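Now for the letters of each chain:
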Amino acid sequence: MALKLLQLGGRAVRRSFSQRSAPFIADKLQEEGMNEMCLVVDENDRVLGHANKRECHLVKPNGDIPLHRAFSVFIFNSNNEMLLQKRSASKVTFPGYVSNACCSHPLHEFREETVETNASGVKMAAGRRLEYELGIPRIHTQPASLHYLTRIHYKSVGDGTWGEHEIDYILVLHKDLPIVPNANEVSDVYYVGQNELPAFLDTLDAPLTPWFASILKSEKLHHWWNNLHRLDSVVEHDKIHKL
């Protein structure tokens with residue numbers, strides 16, 4: 001198996017959750033991140049307002065979670081191997097889960113990340129987050145390098161306290177990149193080839209994030225993977241796929 005693996009030191013975080021009160025978050029950096037302001041949207045991706053990340057990920061007693069804008073970046077190197085990450089044990093949502101290269105949100109407090117033309121705001125947010133999580137310098141993640149393919153609408157109640165409900169912009173970055181992961185965000189990273197992916201997933205001792213699992217199940221990932229050298233042919237900007 002043509003697999004490259006970078007081991008990083010992770011640390012377990014003990015947490016105590018209560019459905020009726022604001023959950024305790026043991027990690028200071030992750031707690032600070034909960035104050036970031038996400039863009040709340042309707043099912044057509046129209047911005048309705050904003051709310052902090054805590055509000056946007058807490059599952060209400062009736063199962064509701066505010067729908068908000070997000071992005072998922074899929075990175076492929078020059079050998080067409082895909083980069084996966086294992087989320088750190090410090091993460092509030094889905095700690096220790098394996099996912100695609102980077103997933104996060106454009107933020108209300110950064111005006112440039114609210115610009116919708118050509119998804120430029122989402123791309124700016126992706127560049128910011130790729131630098132923070134994976135140490136990729138912004139020179140490598142300029143908007144022209146990020147291919148916006150389509151949007152995914154999905155929901156997961158997670159552990160019943162923290163969940164996700166997002167319209168997720170799918171971005172593809174196809175190039176070799178320097179990677180220096182932030183251990184507070186990422187515990188492991190892996191490059192894996194398309195034919196090797198099923199066997200690799202069978203070896204994992206961790207679950208997949210719900211958005212990544214849903215995209216895999218839908219076969220959309222392999223459709224994009226098969227068209228890395230002609231990504232314009234798989235663009236669906238007018239669609240929001242509900243998974």
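Located above this text is the structure these notes cover.
Residues numbered from 1 in each chain as written. Predicted model: local features only at pLDDT ≥ 70, side-chain atom pairs only at ≥ 80, totals over all residues. Heavy atoms only, no water.

Caption draft 1: Fine view of the overall build of the protein chain. The helix and strand tally for the protein chain stands at six helices and eleven strands. Against the 2.2 N^0.38 benchmark of 18 Å for 243 residues, the protein chain shows a C-alpha radius of gyration of 17 Å, consistent with a compact globule. For the C-alpha atoms alone, the extent of the protein chain along its principal axes is close to 50 × 40 × 35 Å. Here the protein chain holds 243 residues, and 53% of them are scored as buried. Residue pairs in contact within the protein chain that sit at least 24 positions apart in sequence constitute 71% of those at least 6 positions apart. Carbon together with sulfur atoms contributes 50% to the accessible area of the protein chain, which is approximately 11200 Å² in total. Across the protein chain, the mean location of the 27 positive side-chain charges is 3 Å away from that of the 30 negative side-chain charges. (Helix = DSSP H or I, 4+ residues; strand = E, 2+ residues; numbered from the N terminus. Rg over C-alpha atoms; globule rule 2.2 N^0.38 Å. Buried < 20%, exposed > 50% of the residue type's maximum accessible area, 1.4 Å probe, protein only. Contact = heavy atoms within 4.5 Å. Areas by Shrake-Rupley, 256 points an atom, 1.4 Å probe, with all protein chains shown as cover. Lys, Arg positive; Asp, Glu negative; His and termini not counted. Charge placed at Lys NZ, Arg CZ, Asp CG, Glu CD.)

Caption draft 2: Looking closely at helix α3 (residues 120–134). Counted at 1.5 Å a residue, the expected span for α3 with its 15 residues is 21 Å, and the 21 Å between its end C-alpha atoms agrees. Among the residues of α3, Gly121, Val122, Lys123, Ala125, Ala126, Gly127, Arg128, Arg129, Leu130, Glu133 and Leu134 are the ones counted as buried. Where the residues of α3 are buried, they touch β4 (68–76), β5 (82–87), β7 (102–104), β8 (147–156), β9 (164–174) and β10 (186–192). One or two steps after α3, the chain reaches Gly135, where phi turns positive at roughly 65°. (Expected span 1.5 Å × (residues − 1).)

Caption draft 3: Broad picture of unusual backbone geometry. Non-glycine residue Asn80 carries a positive phi angle of around 65°. One can find Asn80 in the loop between β4 and β5. The phi angle at Asn118 is positive, at roughly 55°, despite the residue not being glycine. Mapped onto the fold, Asn118 is located in the loop between β7 and α3.

Caption draft 4: Region of interest: the environment of Pro181. Locating Pro181 in the fold gives a position in the loop between β9 and β10. Spatially, the C-alpha atom of Pro181 lies 8.9 Å from that of Glu131, the residues being 50 residues apart in sequence.

Caption draft 5: The state of the cysteines, seen in detail. Counting across every chain of the model gives zero disulfides. Residue Cys56 stays outside any disulfide, its sulfur separated by 4.5 Å from that of Cys38, the closest cysteine. Cysteine Cys103 remains unbridged, with the sulfur of Cys102 as its closest cysteine sulfur at 6.4 Å. The exposure class assigned to Cys103 is buried, which follows from its relative accessible area of 16%. (Disulfide = S-S within 2.5 Å.)

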